[in-house]
Amino acid sequence: MFGHGLKAIGGIAVVALLFAAPVTAEETRFIIKLQPDGAKSALTRKARIEKAAGSGSGVRHLRTMAMEADVVAVAGDASAAERAVANLAGNPDVAFVQVDRRRRPAINDQYAGAEQYLSNAPGGIAATSAWNVTHGSSSIVVAVLDTGVRPHAGMAGRLLPGFDMIDDPMTANDGGGRDGDASDPGDFVLESEATTDCPESFSSWHGTSVAGIIGANTDDAIWTAGIDWAARILPVRVLGKCGGYDSDIVDGIAWAAGLDVPGTPVNPTPAHVINMSLGGAHGCPPIYPLVFDAAFARGVTRAIVVAAGNASTDVANDSPASCRGAIAVAASTLAGNLAAYSNFGAGITLSAPGGSFAFQFGSIIALSNTGRTTPQDDAIAHIGGTSLAAPMVSATVSLMLAVAPALTAAQVRSILTSTAKPFPAGSDCSTTRCGAGVVNTDGAVRAAAATTGAAIPNYEGLWWRSPAGSESGWGINLAHQNDVIFATWFTYDATGKAWWLSMTANATTSNIYSGTLYQTHGPAFSAVPFSPAAVTATPVGTGTLTFSDTGNGSFSYTVNGIQQTKPITRQVFGPLPSCAFGSAMPLAQATNYQDLWWAAPAGAESGWGVNFTQQGDTIFATWFTYDTDGSPLWLSATANKSSAGVFTGTLYRTTGPAFNALPFSPSQVVATPVGTLTLSFASGDTATFAYVVNGVSQSKTITRQVFRTPGTLCQ
Ligand SMILES: [Ca+2]
Ligand SMILES: [Ca+2]
Ligand SMILES: [Ca+2]
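Quick caveat: nothing in here was measured; it's all calculated off a predicted structure.

Caption draft 1: Quick peek at the overall build of the protein. Secondary structure assignment for the protein yields eleven helices and 35 strands. A principal-axis box enclosing the C-alpha atoms of the protein has dimensions of 105 × 55 × 40 Å. Scored against the burial criterion, the 715 residues of the protein give a buried share of 54%. By sequence separation, contacts in the protein at least 24 residues apart represent 66% of the contacts at least 6 residues apart.

Printed below as a string of structure tokens:
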């Protein structure tokens, strides 16, 4: 089982509590947590444990650890030792006893491939798009509990000093126990050192690879691209030769989170995210939920991300991934299937690319070292495993915290799972097998930013040809809610008649939105009732909006085979409001009414609408509806404030050069008054839309069209 013997402590004392005598016989280690000392016995925990164990039990106190727990050793292999401590476990003074198991890096074999996992491919994490929102923040700290790190040139400037938490010098392989140097001396196992449990192996440089997935320097032309360009990596060394003990890992978690660990200095840079690409068999031992709870309670740590393990089994059989509070990450392929090696099951929180045996799905390129035993030169490795999937989630969280530092642990978990990419059709994954989906770095970062209400560039408003006025007569109105822009393009058909097309454009990055352009026919504007069922939308092409900032961009379209690209800019006729998605203020309280509106209740007359662009006391309204023959028709009005919440103006019907005319000559645009418009706002999201057009008078109640809750507010 897990009774890997302590080969030699060799008299190297860690703290005075340690027995200094060398150990030669096989021993099994346990973690013991006592009940609170209700008797106030004034005994040390060591004395209480020895008393509870009784004389002749063979229970030997090794040291105290975090969470007011203790590590003990018992002579004999695991089964013999477990029998020996059975009495101890039943003692009323003992809260729990668990075997101090060894955990291993959750790594697999080597693969060839590229960093496709960063892309917007179906199984990719869309980091490249997230980078349009943020590159990360150097004030965010990600702890990597692993084999330590090499000072790889691909991570230059990104490493904090960290700590070496490995207590057993044989495991540590750096000549001693705990120390302040978390550099990785190699975790190779020589033939002479090998056991059944611990086969001969080369050094893995595992911690360097994991750290590099998170924080390799990006866009610097060398080595790999990390997911977070700025966060600092806090290496906490807990794995060495043959992995590492639960007791060191738990102390490493406590230290990383900023909690007290006996005999160690307090971590001056507590970690916002803790990554553990490690694990081992058996369900969750009780010490892990304790330290997780304490880490979250300390307040800095917002996520503890754990690799699900590579045993192709239910994650319930792997720890600490199965422990309450962990974000358990399974490995997916770029096609959105479960990686062949990955653990799975109801305990998985979500998946991330881990590299695959199937070459065409790509694998993971990570920072490494050429040394087979001791460290030599910087290198890359082509590797796979849930070890690589977990840091993709950790880096996603560090980017989320860069834009929304106040997110709670619960919010982090909720955003990760709610934004995860659903498994594609035909995937062997389901939510009960591989978690909520594949981590969506872009979606998670945008959702995190939305909680602050300000971080996503918002392009809502009326735009026209740049430079301003050069093609006066047509325009495009953008209703922008989170990752979607609903665009209505006011232009002219080949006969010069007012004509509009609409597009639901989805974000491919924070500054590029693309969609299908539709021409819509429907009941005449004056129809009573207006029946949405009679509206038909026909795709006529595609459009892409690309923004260079929140006031300038380009509109590129292909309509009926005609391709054009035009620079566009905001149309300014008064003081520009500032618009944001997800404002804390309810829409009903807004006093700026800029938005896309439609008949109330929402959807009652789906098919027509009106865009309001409000700058100061002026609303420019573009009303998209249908002519008496059902063809698309738009009318516009400049409505000025006449009293509180009331805006009035003249409605115009416009003719002009066809949308594709070159040049588009504004002098050929003719605007003819056809009636009047009165807007009366009862609140920020309810109004009366009253008009008289060619003698036809109507009044309709309208409301804002919210297609991404909670909508966009301008003020
Ligand atoms: Ca050491
Ligand atoms: Ca060290
Ligand atoms: Ca790089």
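Resuming the write-up.
Caption draft 2: Here's a closer look at helix α2 (residues 78-90). Over its 13 residues, α2 runs 18 Å from end to end, which matches the ideal 18 Å to within 8%, given 1.5 Å per residue. A bend of about 35° at A84 is the largest found in α2. Along α2, the residues classified as buried are A81, V85 and L88. Tucked inside the fold, the buried residues of α2 contact β1 (27-34), α1 (45-53), β2 (59-65), β3 (69-75) and β4 (94-99).

Caption draft 3: View of the pairing of strand β29 (residues 618-626). For β29, the buried fraction is high: eight of the nine residues fall into the buried class. Note that strand β28 (residues 609-615) and β29 share seven bridges and pair antiparallel. When the sheet's bridge partners are listed, N611 is paired in β29 with T622. Bridge analysis of β29 against strand β30 (residues 632-643) gives nine bridges, and the strand direction is antiparallel. The partner of I619 across the bridge, within β30, is A639. Counting the residues between successive antiparallel strands, the hairpin from β29 to β30 contains five residues, one of them, G630, with a positive phi of roughly 85°.

Caption draft 4: Region of interest: the domain arrangement of the protein. As assigned here, the protein comprises domain 1 (27-100), domain 2 (103-244 + 264-281 + 299-452) and domain 3 (461-714). For domain 2 versus domain 3, the separation of C-alpha centres amounts to 46 Å.

Caption draft 5: Here's a closer look at the confidence of the model for the protein. Within the protein, residue pLDDT values average 89, and 93% of them lie at 70 or more. Here residues 1-24 is a poorly scored stretch, pLDDT under 50, and it has 51 contacts once near neighbours within four places are set aside; other chains count. Taken together, the stretch residues 357-361 has pLDDT below 50 and engages in seven contacts with residues farther than four places along the chain or on a different chain.

Caption draft 6: Structural detail: the packing of helix α8 (residues 386-403) against helix α9 (residues 409-419). Contact pair α8 / α9: the axes reach a minimum separation of 11 Å and the direction vectors enclose 115°. Handedness of the α8/α9 crossing: right-handed. Contacts between α8 and α9 pair V393, T396, V397 and M400 from the former with V412, I415 and L416 from the latter. Partitioning the contact of α8 with α9 into residue classes produces six nonpolar, one polar and no charged.

Caption draft 7: A look at unusual backbone geometry. With an omega dihedral of 10°, the bond running from S319 to P320 counts as a cis peptide bond. Residue position: P320 is located in the loop between β13 (318-319) and β14 (327-332). In this chain, A600 is followed by P601 through a cis amide linkage whose omega measures -5°. Secondary-structure assignment places P601 in the loop between β27 (595-599) and β28. Positioned with a positive phi, D219 is a non-glycine residue whose angle comes to about 65°.

Caption draft 8: Layout of the sheet that holds strand β20 (residues 484-492). Taken together, eight strands build a closed barrel; the order of strands is β18-β19-β20-β21-β22-β23-β24-β25 and the barrel is antiparallel. Taken pair by pair, the neighbouring strands of this sheet meet at an average axis angle of 30°, ignoring direction. Pairing of strand β18 (residues 461-465) with strand β19 (residues 475-481), which is carried by three bridges, proceeds in the antiparallel orientation. Within β19, the residue paired with G461 across the bridge is L478.

Caption draft 9: Inspection of the nonpolar core at higher detail. One finds V305, V329 and M400 to be the most contacted residues of the largest nonpolar core, which totals 203 residues. The element contributing the most residues to this core is α8, with twelve residues. Discounting residues that sit within four places of it in the chain, M400 has contacts with L407, V412, I415, A444, V445 and A448.

Caption draft 10: Highlighting the sheet that holds β27. Here eight strands make up a closed barrel; going around it, the order is β27-β28-β29-β30-β31-β32-β33-β34 and the pairing antiparallel. On average, each strand axis in the sheet is inclined to that of its neighbour by 30°, with strand direction left out of account. In terms of strand pairing, strand β31 (residues 646-655) meets strand β32 (residues 670-683) through ten bridges, oriented antiparallel. Paired with F647 across the bridge in β32 is L679.

Caption draft 11: Spatial organisation of α9. Residues of α9 that are buried include every one of V412, I415, L416 and T419, and no others. Angularly, the buried residues of α9 cover 100° about the axis, an arc narrow enough to put them on a single face. Its buried side turned inward, α9 meets β12 (303-307), β14, β15 (350-353), α8 and α11 (441-452).

Caption draft 12: Quick peek at the packing of helix α6 (residues 246-257) against helix α7 (residues 287-298). Following both chains from N to C, one finds α6 and α7 inclined at 10°, their axes separated by 9 Å at the closest point. Here α7 runs roughly parallel to α6, going by the angle between their axes. For the pair α6 and α7, contact is made by D246, V250, I253, A254 and A257 and by I287, Y288, V291, A294, A295 and R298, respectively. The class makeup of the residues in the contact of α6 with α7 is nine nonpolar, no polar and two charged.

Caption draft 13: Region of the structure containing the environment of P122. By the element assignment, P122 lies in the loop between β5 (102-105) and α3 (127-130). Judged by the 13 C-beta atoms lying within 10 Å of it, P122 is partly exposed. Placed 378 residues apart in sequence, P122 and W500 show a C-alpha to C-alpha distance of 33 Å.

Caption draft 14: Main features of the environment of L462. Structurally, L462 is set in strand β18. For L462, a count of 23 C-beta atoms within 10 Å puts it in the buried group. C-alpha of L462 to C-alpha of D595: the two residues are 133 residues apart in sequence and 9.9 Å apart in space. Among residues more than four places away in sequence, those in contact with L462 are G475, N477, Q571, T613 and F620.

Caption draft 15: Representation of the environment of P424 in the model. Within the secondary structure layout, P424 lies in the loop between α9 and α10 (431-434). The spacing of P424 and G336 is 88 residues in sequence and 6.3 Å in space, taken between C-alpha atoms. Setting aside its immediate chain neighbours within four residues, P424 contacts P122 and G336.

The rules behind the values
- Residues numbered from 1 in each chain as written.
- Chains lettered and ligands numbered in written order.
- Predicted model: local features only at pLDDT ≥ 70, side-chain atom pairs only at ≥ 80, totals over all residues.
- Helix = DSSP H or I, 4+ residues; strand = E, 2+ residues; numbered from the N terminus.
- Buried ≥ 20, exposed ≤ 12 C-beta atoms within 10 Å, placed from the backbone.
- Contact = placed C-beta atoms within 7 Å.
- Expected span 1.5 Å × (residues − 1).
- Bend = angle between axes of the 7 residues up to and from the residue.
- Pairing = 2+ DSSP bridges.
- Domains from an automatic or database assignment.
- pLDDT = per-residue confidence, 0-100.
- Axes fitted to C-alpha atoms, helices over the stretch in contact; angles between N-to-C directions.
- Left-handed = near helix turned anticlockwise from the far one by under 90°.
- Nonpolar A, V, L, I, M, F, W, Y, C, P; charged D, E, K, R; others polar.
- Core = buried A, V, L, I, M, F, W, Y, C linked by C-beta atoms within 7 Å.
- Arc of directions from axis to C-beta.
- Parallel < 35°, antiparallel > 145°, perpendicular 65-115°, else oblique.

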